[in-house]
There are 2 protein chains.
Amino acid sequence: MMIRARDRILDAFAELLSLEGERHATLEAVARAAGVSKGGLLYHFPSKDRLVDGLCERLTELAAEDVQRMRSAPEGPARYYIRTSYWAGTPMDRALVGVARLQQAGFAAAQEAAKSVSENWLQALVDGIGDQSAARAVKLVGDGLYYNALFGALEGRHHSAPDDALLAVVDRITGTD
Amino acid sequence: MMIRARDRILDAFAELLSLEGERHATLEAVARAAGVSKGGLLYHFPSKDRLVDGLCERLTELAAEDVQRMRSAPEGPARYYIRTSYWAGTPMDRALVGVARLQQAGFAAAQEAAKSVSENWLQALVDGIGDQSAARAVKLVGDGLYYNALFGALEGRHHSAPDDALLAVVDRITGTD
DNA sequence: GTCTATATTGTGATAGAC
DNA sequence: GTCTATCACAATATAGAC
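Just so it is clear, the model here is predicted, and its values are computed rather than measured.

A.B. asks: Quick rundown of the protein's contact with DNA strand D? Include the residues and the values.
C.D. replies: In the region of DNA strand D, 15 residues are neighbours, and A:L27, A:K38, A:K48, B:S37 and B:H44 sit closest. Atoms of DNA strand D within 4 Å of the protein belong to the sugar or the phosphate in 62% of instances, the rest to bases. Here A:L27 contributes a backbone N or O atom positioned 2.9 Å from a phosphate oxygen of DNA strand D. At a separation of 2.3 Å, a phosphate oxygen of DNA strand D approaches a polar side-chain atom of B:H44. Mapped onto the surface near DNA strand D, the elements with two or more residues apiece are α3 (38-44) of chain A together with α3 (38-44) of chain B. Of the residues that constitute the surface near DNA strand D, the class distribution is five nonpolar, six polar and four charged.

A.B. asks: Lay out the protein's contact with DNA strand C in plain terms, naming residues and giving numbers.
C.D. replies: Looking at DNA strand C, there are 15 residues lining it, with A:S37, A:Y43, A:H44, B:L27 and B:K48 nearest. For DNA strand C, the backbone portion of the atoms within 4 Å of the protein, that is sugar and phosphate, comes to 64%. A distance of 2.9 Å separates a phosphate oxygen of DNA strand C from a polar atom in the backbone of B:L27. Backbone polar atom of B:K48 to a phosphate oxygen of DNA strand C: 2.7 Å apart, as the coordinates give it.

A.B. asks: Which residues make up the nonpolar core, and what values go with them?
C.D. replies: Counting 130 residues, the largest nonpolar core has A:W121 and B:W121 as the members making the most contacts within it. Apart from the residues lying within four places of it in its own chain, the contact partners of A:W121 are A:A63, A:D66, A:V67, A:M70, A:Y81, A:M92, A:L96, A:K139 and A:Y146.

A.B. asks: Can you tell me about the interface of chain A and chain B, naming the residues and giving the values?
C.D. replies: In this assembly, 39 residues from chain A lie in contact with 39 residues from chain B. Interface area, chain A with chain B, both sides summed: about 3,500 Å², of which 54% is carbon and sulfur. Contact with chain B buries surface across chain A, with A:R23, A:Q104 and A:Y147 losing the most and accounting together for 19% of the total. Taken together, the connections running from chain A to chain B amount to six salt bridges. For the side of chain A that touches chain B, the elements supplying multiple residues, two or more each, are α6 (91-105), α7 (108-129), α8 (132-155) and α9 (164-174) of chain A. By residue number, the principal contributor to the side of chain A that touches chain B is α8(A), which donates 14 residues. For the side of chain A that touches chain B, the residue count by class is 17 nonpolar, eleven polar and eleven charged.

About the cut-offs
Residues numbered from 1 in each chain as written. Chains lettered and ligands numbered in written order. Predicted model: local features only at pLDDT ≥ 70, side-chain atom pairs only at ≥ 80, totals over all residues. Heavy atoms only, no water. Near = heavy atom within 4 Å. Polar contact = N/O pair within 3.5 Å; in protein donor to acceptor, adjacent residues only side chain to side chain. Helix = DSSP H or I, 4+ residues; strand = E, 2+ residues; numbered from the N terminus. Nonpolar A, V, L, I, M, F, W, Y, C, P; charged D, E, K, R; others polar. Core = buried A, V, L, I, M, F, W, Y, C linked by side-chain atoms within 4.5 Å. Buried < 20%, exposed > 50% of the residue type's maximum accessible area, 1.4 Å probe, protein only. Contact = heavy atoms within 4.5 Å. Buried area = accessible area lost by both parts, 1.4 Å probe. Salt bridge = Lys/Arg side-chain N within 4 Å of Asp/Glu carboxyl O.

Here's what the structure looks like:
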């Protein structure tokens, strides 16, 4: 069965945003990558702002699922968060980097969505670690990894191997060592 | 004496990029903010790519000076780096966030400049701390702060007060406590 | 639901006066 | 060095056929 065009369009949008940058994610480029015409795209998303909204909603859903996994992870939320903060080209990676790029381009909806998911991750870390400062430091290390992912995505780099030495440093931050 | 128009233009470009996002930093908006006409701007920077180059060069200069200060800081490079990684609206903050936004919009020159200054900061941390993993973790915390600055700039938030609790965590990472 | 064709606007860039 | 006027093109959006 055919994947719904609406989903293919969001896939293409996230991919162009994360791999080529916001300037290259034009409606025409997205339509072409999704295999539809510009008019076809605009049937599903009547304006670019609505397309942005669509990706923000997808990120919100994917991030909420991730927070659930994080809260119930046997290794603890800190290690889980750091281990999964590497760019691996997953749907959530592309959605997150895509929304970050939209936010930095100046789209208000992306600003709000990025802030919201960021706060949810931080809260899960605070609840799991207990200590505010340690949770914040772990969050910052993860943010740093995402920031580096913003570069890595454009360069086509993948950081597939979770870094054991870094995880050891994280254990020192949380006091688990 | 009148500040050179060329510098005013770069100031305006960095400010619009960091405070309103890349989409709003059009040649017309930059010219208006700098108090010149579009034609006047294009005398100094014949194309948008040259304007981007100009900001990248400014960042490279400011970052090189900062690396010097960092290497000779009495508190050590780690604490210096973290303490100055907060968004405070300084010229270097605006240049750095501005270039980050250009990079994520898809400008290749910004990609190279951001990568270069990032590597120089990391090298200063490695040289100062000794341990590779610890230096990398400190760099990631600083990157995380910059990543948060990408949000804070748009929201007009300033993180003027260096966070003592975070600096204490950094000491634990570097083994200085 | 998807297409083609077209309208509208914004953006980067040029030409030439002063 | 800076301006005004204008250009060419690209990006978003609309209209209407199928």
